[in-house]
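Observations on chain architecture
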Amino acid sequence: MNLLGIESSSRKLSIGLMKDDSFSELHSEKINDTANSLPQLTKKIIKSASLSFEDLDAICISAGPGSFTGLRVGMSYAKGIAMALDIPIVPVSTFDSLAFNNSSEELSTLIYSHGNTFYVCEYSLDGGILLKSSKPKSILKEDILELSKNIVFNGPMNIFKDLKAHNLKIEFKQLSVNNIIKIAYQNFKLLKTKSLDNLVPEYVGNFEVK
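No experiment lies behind these values; they were computed from the predicted model shown. (Residues numbered from 1 in each chain as written. Predicted model: local features only at pLDDT ≥ 70, side-chain atom pairs only at ≥ 80, totals over all residues. Heavy atoms only, no water.)

This next bit is on the overall build of the protein chain. Secondary structure summary: the protein chain contains 7 helices and 11 strands in total. Relative to the 2.2 N^0.38 estimate, which gives 17 Å for 210 residues, the radius of gyration of the protein chain is 17 Å and therefore close to what a compact globule would have. By its C-alpha atoms, the protein chain is 50 × 40 × 30 Å across when sized along the principal axes. Put simply, of all contacts in the protein chain between residues at least 6 apart along the chain, 60% involve residues at least 24 apart. Put simply, the protein chain shows about 10700 Å² of open surface, and 48% of that area lies on carbon and sulfur atoms. Once the 23 positive and 23 negative side-chain charges of the protein chain are each reduced to a mean point, those two points are 4 Å apart. (Helix = DSSP H or I, 4+ residues; strand = E, 2+ residues; numbered from the N terminus. Rg over C-alpha atoms; globule rule 2.2 N^0.38 Å. Contact = heavy atoms within 4.5 Å. Areas by Shrake-Rupley, 256 points an atom, 1.4 Å probe, with all protein chains shown as cover. Lys, Arg positive; Asp, Glu negative; His and termini not counted. Charge placed at Lys NZ, Arg CZ, Asp CG, Glu CD.)

Right, here's the structure in full:
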C-alpha cells in the first residue's frame, strides 16, 4: 500500500510516504509556508520513491486541532488529490498522534493554542490500547496546573519550559507524520472516507492555534 502523509497542524509542514514497507519523510525549511511547500514537497517525495500520483492508495492527514491556516491548506490540498484520483482520505486526530505508543495508563495530551489557552484531550488505557476518555476541550493555564496525569505537550518550547517549572509530569513531543501514517494504516478501514464534503479540520471551541 502506498500512503501519502500530510502533517500540517503546526507551523512547520511535514510530508511522509509509505511505499510498501519503506517510509520516507520531508520537512519544510520555512515556518508558516504550507501553501507553497506542500505541493512542492509532495511532488518531490513521490518522485523520489519512483512513484506517480496515480500509484497512491490514500492520503493520510493530521485533522487537528492545530494551526488554522495549516490545517485548512492541508485538508484542501488532500481533497483535491483525492477527488482527482478517486482515493480515500484518512483523517487522524492530532491528539491521537501525540498519544501514539505512549505507555501511560492515563494521559493528558496538550496542544498550545494562543495566549493563555490550550487544547487538551484525556486518554485511558483500555485493553492495552490508549483510547480517548473525554472530548477535546480548551483550557487555561491555571487548569493545566491541576492536571495530575502524565502530560504530552506540543507547542512553543518556552511555553513547555514554563509548564515544566511547575513540577508537572510533562514531556515535549514533536508532531510526527510517521505517526499519522502508522495510525492511518492500522485503522484504515475505520478511518478512511470518500465523503469529502463533510471532511473538515477538527477545531476545538472557537479558538485557533496561531
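Looking now at helix α1 (residues 34-48). Across its 15 residues, α1 extends 20 Å between first and last C-alpha, which sits within 8% of the 21 Å expected from 1.5 Å per residue. Here the buried face of α1 lies against β1 (2-7), β2 (14-19), β3 (22-27) and α2 (68-85). Following α1 by one or two positions, S50 has its phi on the positive side, about 60°. (Expected span 1.5 Å × (residues − 1).)

A separate point is unusual backbone geometry. Note: most residues except glycine have negative phi, and most peptide bonds are trans. A cis geometry characterises the amide bond from G64 onward to P65, with omega recorded as 10°. Note on placement: P65 falls in the loop between β4 (58-64) and α2. Even without glycine at this site, N167 takes up a positive phi of about 60°.

Here we come to the packing of aromatic side chains. Summed over the entire model, instances satisfying the criterion amount to 6 aromatic pairs. Aromatic side chains F160 and F172 sit 5.7 Å apart centroid to centroid with 65° between the ring planes, which places their arrangement in the edge-to-face category. Here F160 is found in helix α5 (residues 157-164), whereas its partner F172 is found in strand β11 (residues 170-172), with 12 residues between them in sequence. (Phe/Tyr/Trp six-rings, centres within 6.5 Å; stacked < 30°, edge-to-face > 60°.)

In this fold, S62 is placed in strand β4. Among the polar contacts made by the side chain of S62, one reaches the side chain of E7 at a distance of 3.3 Å. A distance of 3.5 Å separates the side chain of S62 from the side chain of S9, its partner in a polar contact. If we ignore the near neighbours within four places in the chain, the residues touching S62 are I6, E7, S9, L71, V92, T94 and I180. (Polar contact = N/O pair within 3.5 Å; in protein donor to acceptor, adjacent residues only side chain to side chain.)

What follows is about the sheet that holds β2. If you trace the 5 strands from one edge of the open sheet to the other, you get β3-β2-β1-β4-β5, paired in mixed fashion. Of all strands in the sheet, those with a lone pairing partner are β3 and β5 (89-93), marking the two edges. Between one strand axis and the next, the sheet turns through 20° on average, direction left out of account. Pairing of β2 with β3 involves 6 bridges; the strand directions are antiparallel. Within β3, the position partnered with G16 by the bridge is E25. Packed onto the sheet, α1 meets β1, β2 and β3 and runs at close to 25° relative to β2. (Pairing = 2+ DSSP bridges. Axes fitted to C-alpha atoms, helices over the stretch in contact; angles between N-to-C directions.)

The values are spatial; any link to function lies outside them.
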